[in-house]
Amino acid sequence: MRKLTKPLAVGLLSTALTSGVALATPLSVTWDPGATTPALNGSSFTQNNQFIADYGTATVNAKTGAFTDSGYLVITQFNSGAGATGVGSNYSLFYTYNASGMFTYNGAPGFSLAANTATPDVANFSNASFNFYGNATSNAKLGIAPPSASGSMPSAPTGSILLASSTTFYSGTGSITPASSSLAASAGVVTNFVPNSSESGFFVTPVESGYAMGIYWNSAFTNTPGEQSATYDSTTNDFIVTTNGGGGQADFVPEPTSLALLGSGLLGLGFVLRRQRRA
């Protein structure tokens, strides 16, 4: 039985560009849904781009800057030509995630709606983890929605097959700054990626131990009513932010662990807070 232990990282493309990280050529990976136990209703395919919908809940304290962020990232499709027949309709692939850390504003702990391009809210992650699942039902029937509260790894729907998980958190940063019609949120966190040995047949290539992969989220988000919402608790000074189906794209690229980036459900956080600022 082959052992697959690969550092996995994901993050907004804007994070890579603003930090000066050069993006490598997207890495093609081959997965075989039919090799899981029980088998998912799909054949082997090779892809280098994922489209993912985010269902997340984040709690951010305006005074201390402490945040927790939890939710689901559901794969909706892959790049044209991947041949991933049935993904999203015959079976599902998705991630659950949990993260925590601290925001600073103007060099001090806290979270401010007065943040701007010159002085953004900056996030430093203290922890982040994920699980990667397959499920024999369609995305529409998964019933996935933003968790009622953040701070713990969400449960997977009944019948889900654990395909991979993270065991080690390395580092993570992010920021929130205004854009033309909403706030721009970017986040980068580095973890490892450890396939479940019982489902090793799913991961066809690459098979090299220790191979690094980066996933860069690069789609624009819009402030569509119903996708993001935020409430503020004046008693606790907490913003409770939910993202209900906001999406992005992800590219696998070989990247050294020190440069790899991993994005999570903070996607969409800033876009909601822009609405709060206008209010």
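Our subject is the structure that appears above.
Residues numbered from 1 in each chain as written. Predicted model: local features only at pLDDT ≥ 70, side-chain atom pairs only at ≥ 80, totals over all residues. Heavy atoms only, no water.

A. Representation of the nonpolar core. Counting 24 residues, the largest nonpolar core has Trp-31, Ile-75, Phe-78, Leu-93, Tyr-95, Phe-132 and Phe-203 as its most contacted members. Sorting the residues of this core by element identifies strand E2 (29-31), strand E5 (66-78), strand E6 (92-105), strand E8 (121-135) and strand E9 (161-165) as the ones contributing at least two each. In terms of nonpolar packing, the next biggest core, distinct from the first, is built from eleven residues, Val-60, Phe-67, Ala-99 and Phe-111 among them. (Core = buried A, V, L, I, M, F, W, Y, C linked by side-chain atoms within 4.5 Å. Buried < 20%, exposed > 50% of the residue type's maximum accessible area, 1.4 Å probe, protein only. Helix = DSSP H or I, 4+ residues; strand = E, 2+ residues; numbered from the N terminus.)

B. Broad picture of the sheet that holds strand E12 (residues 203-205). The three strands lie next to each other as E3-E2-E12, forming an open sheet whose pairing is antiparallel. Whereas interior strands pair on both sides, the edge strands pair on one side only; in this sheet they are strand E3 (45-47) and E12. Each strand axis lies, on average, 35° off the axis of its neighbour in the sheet, ignoring direction. Looking at chain direction, E2 and E3 are connected through three bridges and run antiparallel. Note that in E3 the partner of Val-29 across the bridge is Gln-47. (Pairing = 2+ DSSP bridges. Axes fitted to C-alpha atoms, helices over the stretch in contact; angles between N-to-C directions.)

C. Fine view of the packing of aromatic side chains. Taken as a whole and judged by the stated rule, the model has 16 aromatic pairs. The interplanar angle of 35° and the centroid separation of 5.2 Å between the aromatic rings of Trp-31 and Phe-202 together place this pair among those described as tilted. With Trp-31 in strand E2 and Phe-202 in the loop between strand E11 (183-195) and E12, the pair connects residues that are 171 residues apart, well separated along the chain. Across the pair, exposure class does not vary: Trp-31 and Phe-202 are buried alike. With centroids separated by 6.1 Å and ring planes inclined at 70°, the aromatic side chains of Tyr-95 and Phe-130 adopt a geometry described as edge-to-face. Of this pair, Tyr-95 sits in strand E6 while Phe-130 is found in strand E8, placing the two residues 35 residues apart along the sequence. (Phe/Tyr/Trp six-rings, centres within 6.5 Å; stacked < 30°, edge-to-face > 60°.)

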